[in-house]
Amino acid sequence: MAQTEPRGDTATHVASTPLYRVAAGCYIGLIVLLGAWLVWLAPPPPGLLSPLLIVFLLPLLLGLRGVLYRRRYTLQWAGMLSLAYFMHGLVAATGPASQ
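Residue numbers run consecutively from 1 along every chain, following the written order of its sequence. Given that this is a predicted model, residues contribute local features only at a pLDDT of at least 70 and side-chain atom pairs are listed and counted only at 80 or more, while totals for whole chains, interfaces and linings are drawn from all residues. Side-chain measures were taken over the full set of non-hydrogen atoms in the model, leaving aside hydrogen atoms and water.

**Side note on the overall build of the protein chain**
The helix count covers DSSP runs of H or I at least four residues long, the strand count covers runs of E at least two residues long, and both are numbered beginning at the N terminus. Secondary structure summary: the protein chain contains three helices and zero strands in total. Each helix (α) and strand (β) of the protein chain, taken in turn from the N terminus, gives the series α-α-α. Relative to the compact-globule value of 13 Å for 99 residues, the protein chain shows a C-alpha radius of gyration of 16 Å, a clear excess of over 25%. Overall, the C-alpha framework of the protein chain stretches about 55 × 30 × 20 Å when taken along its three principal axes. Each residue is assigned to one of three classes by its accessible area relative to the maximum for its type, calculated with a 1.4 Å probe on protein chains only: buried under 20%, partly exposed between the two thresholds, exposed over 50%. When burial is assessed residue by residue, the protein chain has 20% of its 99 residues classed as buried. In this treatment the radius of gyration is a C-alpha quantity, and the globule benchmark scales as 2.2 Å times the residue count to the 0.38 power.

Now the structure itself:
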């Protein structure tokens, strides 16, 4: 039996509203931007690339399926997780310039 997607808000899923689509787009944009930053825009030393990809991208990729399927609990913890990335970005942008 095929599983159908819920149409509106339920206890475990959120409705597909414009606000949800903006949030999901920003989450996917964060994954793409972080991947591009680590691989192409400002790559770390060669020995640190793989560990940094795992540390930075794996938590975001673990929640991607739940965000795309509009699971309420995953959206909640993905929002809290993205705040940590936001704080990291603020510290990196306002901290001393690297040499």
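**Structural notes on the packing of helix H1 (residues 18-41) against helix H3 (residues 72-94)**
It is at 12 Å that the axes of H1 and H3 come closest, and there the two elements cross at 45°. On the basis of their axis angle, the class for H1 and H3 is oblique. Between H1 and H3 lies a crossing of left-handed hand. Mapping the contact onto sequence places Tyr20, Tyr27, Leu30 and Leu34 in H1 and Leu75, Ala78, Ser82 and Tyr85 in H3. Put simply, Ala, Val, Leu, Ile, Met, Phe, Trp, Tyr, Cys and Pro go in the nonpolar bin, Asp, Glu, Lys and Arg in the charged bin, and everything else, Gly too, in the polar bin. Looking at the contact of H1 with H3 residue by residue, the class counts come to seven nonpolar, one polar and no charged. To obtain an axis, a line is fitted to C-alpha atoms, over the contacting stretch when the element is a helix, and the angle between two such axes runs from 0 to 180 degrees between their N-to-C directions. In what follows, roughly perpendicular refers to angles from 65 to 115 degrees, roughly parallel to angles under 35, roughly antiparallel to angles over 145, and oblique to any angle outside these ranges. Should the near helix be turned anticlockwise from the far one by less than a right angle, the crossing is left-handed, and should it be turned clockwise, the crossing is right-handed. Whether two residues touch is decided by their heavy atoms; if any such pair falls within 4.5 Å, the residues are in contact.

**A short note on unusual backbone geometry**
Within the chain, Arg70 stands out as a residue other than glycine whose phi angle is a positive 60°. Here Arg70 lies in the loop between helix H2 (49-68) and H3. Judged by relative accessible area, which is 8%, Arg70 ranks as buried.

**Overview of the nonpolar core**
We define the nonpolar core as a collection of buried residues of types Ala, Val, Leu, Ile, Met, Phe, Trp, Tyr and Cys that are connected through side-chain atoms lying within 4.5 Å of one another. Counting residues in hydrophobic clusters, the biggest one holds 12 residues: Val14, Tyr20, Ala24, Tyr27, Ile31, Leu34, Leu38, Leu57, Leu60, Val67, Ala78 and Tyr85. Counting residues per element, this core draws most heavily on H1, which supplies six residues. Ignoring any residue separated from it by four or fewer positions in sequence, one finds Leu34 in contact with Phe56, Leu57, Leu60 and Tyr85.

**Considerations on the side chain of Thr74**
Locating Thr74 in the fold gives a position in helix H3. Since its relative accessible area comes to 12%, Thr74 is described here as buried. Setting aside chain neighbours within four positions, we find Thr74 in contact with Gly63, Gly66 and Val67.

**With respect to the environment of Ser16**
Looking at where Ser16 falls in the secondary structure, it is placed in the segment before H1. The sequence separation of Ser16 and Tyr69 amounts to 53 residues, and the corresponding C-alpha distance is 9.7 Å. Excluding its chain neighbours within four sequence positions, the residues that come into contact with Ser16 are Arg21 and Arg70.

**Points about the pattern of salt bridges**
What counts as a salt bridge is simple: a side-chain nitrogen of Lys or Arg found within 4 Å of a carboxyl oxygen of Asp or Glu. Applying the stated criterion to the full structure yields one salt bridge. Note that Asp9 is salt-bridged to Arg72, the shortest N-O span being 3.8 Å. Taken together, the residues span a long stretch of sequence, with Asp9 in the segment before H1 and Arg72 in helix H3 at a distance of 63 residues.

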